[in-house]
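# Chain and residue survey
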Amino acid sequence: MPKGGRKGGHKGRARQYTSPEEIDAQLQAEKQKATEEEEQEEGGDGASGDPKKEKKSLDSDESEDDDDDYQQKRKGVEGLIDIENPNRVAQTTKKVTQLDLDGPKELSRREREEIEKQKAKERYMKMHLAGKTEQAKADLARLAIIRKQREEAARKKEEERKAKDDATLSGKRMQSLSLNK
């Protein structure tokens, strides 16, 4: 019985089979380790540098095989379809000497949109002041109507004032004429 009193094994999990290429690679790796250990025992301390060089040359061959094995170990449909994720970015570290502080700084999407919004607002205000936008045309038409109304109201007031002045003058003349009699 497993630890913790749990029953059963891994019934729901998918079975994993090793491919013949992986088995061959493992066997070759074990053989190489065994031969290296034998060479180190036979060569002693003085010959320890040479097997490492040979090991590096052998490891470079193995690393290519390991890369192929890694690509073959993809799960599910990944092995069938060769897709590269454009959203996944490999993180690369830069040294301080490699940083380019004088170059133009790339803006984030929000910063770019904010700058574009401000520029668009400035362009609109220039067009609006020049009277080229629909809203500016409507405002100017409304202002023209209001000016006409105010001019008419001022003209009427002036006429009424003149009429009142004329009436008062004529009334004063009448009084002065009546007093003279």
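What you see is a predicted model, and the numbers here were worked out from it, not measured in a lab.

Each value, and the rule that gives it
Residues numbered from 1 in each chain as written. Predicted model: local features only at pLDDT ≥ 70, side-chain atom pairs only at ≥ 80, totals over all residues. Heavy atoms only, no water. Helix = DSSP H or I, 4+ residues; strand = E, 2+ residues; numbered from the N terminus. Buried < 20%, exposed > 50% of the residue type's maximum accessible area, 1.4 Å probe, protein only. Areas by Shrake-Rupley, 256 points an atom, 1.4 Å probe, with all protein chains shown as cover. Salt bridge = Lys/Arg side-chain N within 4 Å of Asp/Glu carboxyl O. Patch = residues over 30% accessible without salt bridge, like charges linked within 9 Å, V, L, I, M, F, W, Y side chains within 5 Å. Expected span 1.5 Å × (residues − 1).

### What about the overall build of the chain?
- Scanning the chain from terminus to terminus reveals four helices and zero strands.
- In the chain, the succession of α and β elements from N to C terminus is α-α-α-α.
- Taking all 181 residues of the chain together, 4% fall into the buried category.
- A total accessible area of about 18200 Å² is found for the chain, and carbon and sulfur atoms account for 51% of it.

### Brief notes about the pattern of salt bridges
- Tallying each qualifying case throughout the model produces three salt bridges.
- With a closest N to O distance of 3.2 Å, R109 and E113 form a salt bridge. Taken together, the positions of R109 and E113, both in helix 3 (residues 109–130) and four residues apart, correspond to about one turn of that helix.
- The exposure class of E113 is partly exposed, given its relative accessible area of 41%.
- A salt bridge links R161 to E158, with the shortest nitrogen-to-oxygen separation between them at 2.4 Å. Of this pair, R161 and E158 both sit in helix 4 (residues 134–180), three residues apart, which is roughly one turn of the helix.

### Describing a nonpolar patch on the surface
- Together, V96, L99 and L101 line one region of the surface with nonpolar side chains, adding up to about 370 Å² of accessible area.
- Mapping L99 onto the fold places it in the loop between helix 2 (49–72) and helix 3.
- Taking relative accessible area as the criterion, L99 reaches 46% and is therefore assigned partly exposed.

### Some remarks on helix 3
- Compared with an ideal rise of 1.5 Å per residue, which puts 22 residues at 32 Å, helix 3 spans 32 Å between its outermost C-alpha atoms and is within 8% of the ideal.
- Of the residues flanking the end of helix 3, it is G131, one or two places downstream, whose phi is positive at about 80°.

Shape is all these values report; function is a separate question.
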